[in-house]
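Analysis of the macromolecular model
The primary structure of each chain is shown beneath.
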Amino acid sequence: MSDKKPFKPHLRFGARDMLIGGGVVLAIILGAWLFWPDGEEALPGVSYRPVYVDAGEMLHLAQVLSSDALEGRASGTGGNEAARGFIHKRFEEIGLLPLPGFSAYTHTFPIVPREADAAPIIGANLIGYIPGRTPGEGPALLITAHYDHLGVREGEIYNGADDNASGASALVAVAEYFALHRPEHDIIIAALDAEEIGLLGARALARMEGLNLSRVALNMNFDMVGRSEAGELYVAGTYHAPELVPVMEAVAEGAPVTLRMGHDRPEDGPNDWTLQSDHGVFHQAGLPILYFGVEDHPGYHNPGDDFEFLTLDFFVRAADTLVMAALAVDAELPQIHSLRRSPVAEADQPEGNAQ
């Protein structure tokens with residue numbers, strides 16, 4: 001593309017991270033990758049000037065996560081480990097704390113393969129913490145996005161640029177804003193593994209010892225927020241918690257994208273997204289949810305879901321919108337906590353088994 005600039009090496013992740021995943025990151029550092037300017041310089045393909053997020057860092061991370069070198073980030077692979085290394089480094093750089101009571105971001109869980117003679121796979125969530133005005137007290141906000149994808153199938157790499165390198169990168173961008181601008185309430189930031197094989201990272205997080213889920217007022221989940229030619233970002237979950245409608249309406253009024261509510265009613269059939277990503281686990285646990293994503297596009301679960309097809313101006317606008325939504329939710333969190341319901345039965349999924 002004509003608006004690409006010459007590659008300049010990005011060494012901010014550090015030499016240690018180049019060794020993660022058996023050296024696959026080396027191909028990214030040495031390859032001809034688009035260089036995203038820092039600071040206020042113009043970004044290729046982006047006309048919008050972000051208010052809340054560091055667009056250059058976000059786009060660079062999304063491009064790295066969705067590169068061929070990471071081979072689709074399937075759980076249990078070197079590419080998945082490398083992706084986790086990049087996100088881990090960004091957690092460190094923006095100053096996230098480990099979850100209280102823990103000394104590290106990484107929390108592993110077993111995944112039992114369906115094949116009888118296959119060894120268990122180890123999944124890993126990355127969990128960071130941003131203290132509010134009264135750390136450890138009152139309600140907390142849980143913000144999630146999965147970083148895994150489908151890997152290599154029949155010789156083709158499924159890079160998952162929108163699904164979900166976009167959401168994982170936006171998660172880091174939102175976390176960076178709140179690391180610099182202290183929220184009213186505690187925020188838990190979770191980059192989740194194994195979404196594509198049964199929401200297993202979310203399930204592991206929901207039952208993790210040391211996480212007081214009763215404090216969590218709401219789950220915001222980002223999954224596919226980087227590609228929309230129509231400029232439309234959907235938020236699902238207000239059907240189940242109508243009290244959130246005015247909160248999201250207020251966000252929509254000032255959002256730099258067209259923010260629409262929907263895709264959360266039973267009559268929507270397969271277009272009901274209530275249980276179709278990690279937020280489904282927390283919905284079943286009784287938490288209010290707000291799921292942000294775009295409608296399906298030709299790249300969805302297709303080897304053509306590559307970085308070059310993301311609509312970058314929309315992606316940056318969407319990330320600013322996600323910060324605006326988190327700010328609005330944070331301001332209402334005690335009232336939102338009162339909307340929690342009793343847990344319901346989980347969907348009929350083979351828990352703990354890769355599909």
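Bear in mind that the values here come from a model prediction, so they are computed numbers and not experimental data. (Residues numbered from 1 in each chain as written. Predicted model: local features only at pLDDT ≥ 70, side-chain atom pairs only at ≥ 80, totals over all residues. Heavy atoms only, no water.)

All chains considered together, the criterion is met by six aromatic pairs. Where Tyr-177 meets Phe-178, the ring centres are 5.1 Å apart and the plane angle is 90 degrees; that geometry is what we call edge-to-face. In terms of burial, Tyr-177 and Phe-178 fall into one category: buried. Ring geometry for Phe-222 against Phe-292: centres 6.2 Å apart, planes inclined by 75 degrees, an arrangement best described as edge-to-face. In this pair, Phe-222 is assigned in strand β8 (residues 216-222) and Phe-292 in strand β11 (residues 289-293), connecting sequence segments 70 residues apart. Here Phe-222 matches Phe-292 in class, with each residue buried. Chaining the aromatic ring pairs together yields one cluster made of Tyr-52, Tyr-177 and Phe-178. (Phe/Tyr/Trp six-rings, centres within 6.5 Å; stacked < 30°, edge-to-face > 60°. Buried < 20%, exposed > 50% of the residue type's maximum accessible area, 1.4 Å probe, protein only. Helix = DSSP H or I, 4+ residues; strand = E, 2+ residues; numbered from the N terminus.)

Evaluated as defined, the whole model comprises two cavities of 30 Å³ or more. As a volume, the second largest cavity reaches approximately 40 Å³. In terms of lining, the second largest cavity is formed by Asp-54, Glu-57, Met-58, Leu-61, Arg-90, Ser-169, Val-172, Ala-173 and Glu-176. Listing elements by their share of the lining of the second largest cavity, those giving two or more residues are α3 (55-65) and α5 (161-180). In terms of residues, the lining of the second largest cavity owes the most to one element, α5, which gives four residues. (1 Å grid on protein atoms, 1.4 Å probe; cavity = no way out; pocket = protein on both sides within 12 Å on 5 of 7 lines; lining within 4 Å. Points joined across faces, edges and corners; volume = space filled by probe spheres on them.)

This part is about the confidence of the model for the protein. Residue-level pLDDT values for the protein average 88, and 85% of them are 70 or greater. Below pLDDT 50 for its whole length, residues 1-24 participates in 50 contacts with residues either more than four positions away or in separate chains. (pLDDT = per-residue confidence, 0-100. Contact = heavy atoms within 4.5 Å.)

Buried residues of helix α7 (residues 245-254): Val-247, Met-248 and Val-251, and no others. Down the axis of α7, the buried set is contained in an arc of 90 degrees. They therefore lie on one face. (Arc of directions from axis to C-beta.)

The next thing to look at is the environment of Phe-102. Take Phe-102: it is sitting in the loop between β1 (97-98) and β2 (106-111). As for Phe-102 and Ile-127, which are separated by 25 residues in sequence, their C-alpha atoms are 9.9 Å apart. Non-local contacts of Phe-102, meaning those with residues more than four positions away in its chain, are made with His-107, Met-208, Glu-209 and Gly-210.

Structurally, the position occupied by Leu-126 is in strand β3 (residues 121-130). With relative accessibility at 0%, the residue Leu-126 sits in the buried group. It is 8.8 Å that separates the C-alpha atoms of Leu-126 and Thr-108, two residues lying 18 residues apart in sequence. Non-local contacts of Leu-126, meaning those with residues more than four positions away in its chain, are made with Arg-84, Ile-87, His-88, Phe-91, Tyr-105, Thr-106, Ile-189, Ala-190 and Ala-191.

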